[in-house]
Amino acid sequence: QVQLVESGGGLVQAGGSPTLSCAASLSLGSFAAMGWYRQPPGKQRDLVASFTSGGSRNYADSVKGRFTISRDNAKNTVYLQMNSLKPDDTAVYYCNGLRYGFNYWGQGTQVTVSS
(Lines give C-alpha, C1' and ligand atoms only; values in the text may rest on other atoms or scores of the structure.)
Protein backbone atom coordinates (compact mmCIF):
# COMPACT_ATOMS: atom_id res chain seq x y z
CA GLN A 1 0.00 0.00 0.00
CA VAL A 2 1.34 3.40 -0.99
CA GLN A 3 1.42 5.97 1.77
CA LEU A 4 2.76 9.50 1.77
CA VAL A 5 3.06 11.24 5.13
CA GLU A 6 3.81 14.95 5.35
CA SER A 7 5.24 16.78 8.33
CA GLY A 8 6.78 20.13 9.13
CA GLY A 9 3.89 22.56 8.76
CA GLY A 10 2.60 25.01 11.30
CA LEU A 11 2.41 28.71 12.07
CA VAL A 12 5.36 30.64 10.67
CA GLN A 13 6.20 34.33 10.63
CA ALA A 14 6.66 36.08 7.31
CA GLY A 15 10.23 35.68 6.17
CA GLY A 16 10.56 32.31 7.89
CA SER A 17 12.21 29.21 6.40
CA PRO A 18 10.52 25.97 7.38
CA THR A 19 11.12 22.64 5.67
CA LEU A 20 8.34 20.20 4.87
CA SER A 21 9.01 16.47 4.69
CA CYS A 22 7.16 13.72 2.85
CA ALA A 23 7.95 10.17 3.87
CA ALA A 24 6.94 7.52 1.33
CA SER A 25 6.18 3.90 2.14
CA LEU A 26 7.92 2.80 -1.07
CA SER A 27 11.21 3.55 -2.74
CA LEU A 28 11.19 6.97 -4.38
CA GLY A 29 12.51 5.30 -7.49
CA SER A 30 9.19 3.48 -7.91
CA PHE A 31 7.44 6.79 -8.61
CA ALA A 32 7.47 8.35 -12.07
CA ALA A 33 7.28 11.77 -10.46
CA MET A 34 6.96 13.28 -7.01
CA GLY A 35 6.13 16.75 -5.91
CA TRP A 36 4.42 19.23 -3.65
CA TYR A 37 1.09 20.94 -4.25
CA ARG A 38 -0.72 23.50 -2.19
CA GLN A 39 -4.30 24.61 -1.74
CA PRO A 40 -4.97 28.05 -0.26
CA PRO A 41 -8.31 28.62 1.48
CA GLY A 42 -11.14 28.70 -1.05
CA LYS A 43 -8.84 28.06 -4.01
CA GLN A 44 -7.80 25.12 -6.14
CA ARG A 45 -4.85 22.85 -5.52
CA ASP A 46 -1.83 23.85 -7.62
CA LEU A 47 1.65 22.52 -8.23
CA VAL A 48 4.43 24.07 -6.15
CA ALA A 49 7.45 21.96 -7.10
CA SER A 50 8.14 18.54 -8.54
CA PHE A 51 10.74 15.97 -9.56
CA THR A 52 10.46 13.78 -12.60
CA SER A 53 11.97 10.30 -12.66
CA GLY A 54 14.71 11.72 -14.86
CA GLY A 55 15.67 14.07 -12.05
CA SER A 56 14.54 17.37 -13.52
CA ARG A 57 12.85 19.84 -11.19
CA ASN A 58 9.94 22.14 -11.88
CA TYR A 59 8.74 25.09 -9.82
CA ALA A 60 5.70 27.34 -9.88
CA ASP A 61 6.66 30.87 -10.89
CA SER A 62 5.42 32.18 -7.54
CA VAL A 63 8.02 30.15 -5.59
CA LYS A 64 11.03 30.15 -7.93
CA GLY A 65 14.12 31.30 -6.11
CA ARG A 66 12.45 30.85 -2.70
CA PHE A 67 11.52 27.15 -2.49
CA THR A 68 13.73 24.13 -3.15
CA ILE A 69 12.58 20.55 -3.61
CA SER A 70 15.02 17.80 -2.73
CA ARG A 71 15.05 14.09 -1.98
CA ASP A 72 16.83 11.54 0.16
CA ASN A 73 16.49 8.17 -1.55
CA ALA A 74 17.93 6.30 1.43
CA LYS A 75 15.13 7.68 3.64
CA ASN A 76 12.40 7.53 0.96
CA THR A 77 11.74 11.17 1.77
CA VAL A 78 11.09 14.27 -0.31
CA TYR A 79 11.64 17.72 1.18
CA LEU A 80 10.41 21.21 0.42
CA GLN A 81 12.67 23.91 1.78
CA MET A 82 10.71 27.14 1.89
CA ASN A 83 12.47 30.49 2.30
CA SER A 84 11.25 34.07 2.56
CA LEU A 85 7.70 32.99 3.28
CA LYS A 86 4.89 35.42 2.54
CA PRO A 87 1.28 35.47 3.81
CA ASP A 88 0.23 34.41 0.29
CA ASP A 89 2.07 31.11 0.86
CA THR A 90 -0.56 30.17 3.46
CA ALA A 91 -2.12 26.90 2.34
CA VAL A 92 -2.46 23.21 2.97
CA TYR A 93 0.60 21.59 1.39
CA TYR A 94 0.20 18.13 -0.10
CA CYS A 95 2.81 15.60 -1.15
CA ASN A 96 2.07 13.83 -4.42
CA GLY A 97 3.50 10.75 -6.07
CA LEU A 98 2.71 9.44 -9.55
CA ARG A 99 3.06 5.68 -9.88
CA TYR A 100 1.81 3.54 -12.76
CA GLY A 101 -0.51 6.31 -13.86
CA PHE A 102 -2.13 6.78 -10.47
CA ASN A 103 -1.73 9.86 -8.29
CA TYR A 104 -1.16 9.26 -4.60
CA TRP A 105 -1.65 12.04 -2.05
CA GLY A 106 -0.63 12.62 1.50
CA GLN A 107 -3.07 13.93 4.08
CA GLY A 108 -1.69 17.46 3.81
CA THR A 109 0.03 19.75 6.26
CA GLN A 110 -1.15 23.27 7.05
CA VAL A 111 1.30 26.14 6.66
CA THR A 112 0.07 29.48 7.96
CA VAL A 113 2.24 32.55 7.42
CA SER A 114 1.59 35.47 9.73
CA SER A 115 2.49 39.00 8.68
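Residues numbered from 1 in each chain as written. Predicted model: local features only at pLDDT ≥ 70, side-chain atom pairs only at ≥ 80, totals over all residues. Heavy atoms only, no water.

1. Some points on the overall build of the protein chain
Along the backbone of the protein chain there are 0 helices and 11 strands. Across the protein chain, helices and strands are ordered from the amino to the carboxyl terminus as β-β-β-β-β-β-β-β-β-β-β. In terms of C-alpha radius of gyration, the protein chain reaches 13 Å, essentially the compact-globule figure of 13 Å for 115 residues. On the principal axes, the C-alpha backbone points of the protein chain span a range of 40 × 25 × 25 Å. (Helix = DSSP H or I, 4+ residues; strand = E, 2+ residues; numbered from the N terminus. Rg over C-alpha atoms; globule rule 2.2 N^0.38 Å.)

2. Re unusual backbone geometry
Trans is the prevailing form of peptide bonds, just as negative phi is the prevailing case for residues other than glycine. Of note in this structure, Asn 76 is not a glycine but carries a positive phi near 50°. With respect to the helices and strands, Asn 76 occurs in the loop between strand S7 (67-72) and strand S8 (77-82).

3. Observations regarding the packing of aromatic side chains
A full pass over the atoms with the stated rule returns 3 aromatic pairs. Here a set of aromatic residues connected by ring pairs shows up, and it is made of Tyr 37, Tyr 94 and Trp 105. Over the aromatic face of Tyr 94 sits the side chain of Arg 45, whose NZ or CZ is 3.6 Å from the ring centroid. (Phe/Tyr/Trp six-rings, centres within 6.5 Å; stacked < 30°, edge-to-face > 60°. Lys NZ or Arg CZ within 6 Å of the ring centre and 35° of its normal.)

4. Comments concerning the nonpolar core
Grouped together as the largest cluster of nonpolar side chains are 25 residues, with contacts concentrated most on Met 34, Trp 36, Val 48, Phe 67, Leu 80, Met 82 and Tyr 93. Listing elements by their share of this core, those giving two or more residues are strand S3 (19-24), strand S4 (33-39), strand S5 (46-52), S7, S8, strand S9 (91-99) and strand S11 (109-114). The residues contacting Tyr 93, other than those within four sequence positions of it, are Glu 6, Leu 20, Trp 36, Tyr 37, Arg 38, Val 48, Phe 67, Leu 80, Met 82, Gly 108, Thr 109 and Val 111. (Core = buried A, V, L, I, M, F, W, Y, C linked by side-chain atoms within 4.5 Å. Buried < 20%, exposed > 50% of the residue type's maximum accessible area, 1.4 Å probe, protein only. Contact = heavy atoms within 4.5 Å.)

5. Some details on the side chain of Ser 21
Looking at where Ser 21 falls in the secondary structure, it is placed in strand S3. Residue Ser 21 is classed as buried on the basis of its relative accessible area of 18%. Dropping the residues within four chain positions of it, Ser 21 is found in contact with Val 5, Glu 6, Ser 7, Trp 36, Thr 77, Val 78 and Tyr 79.

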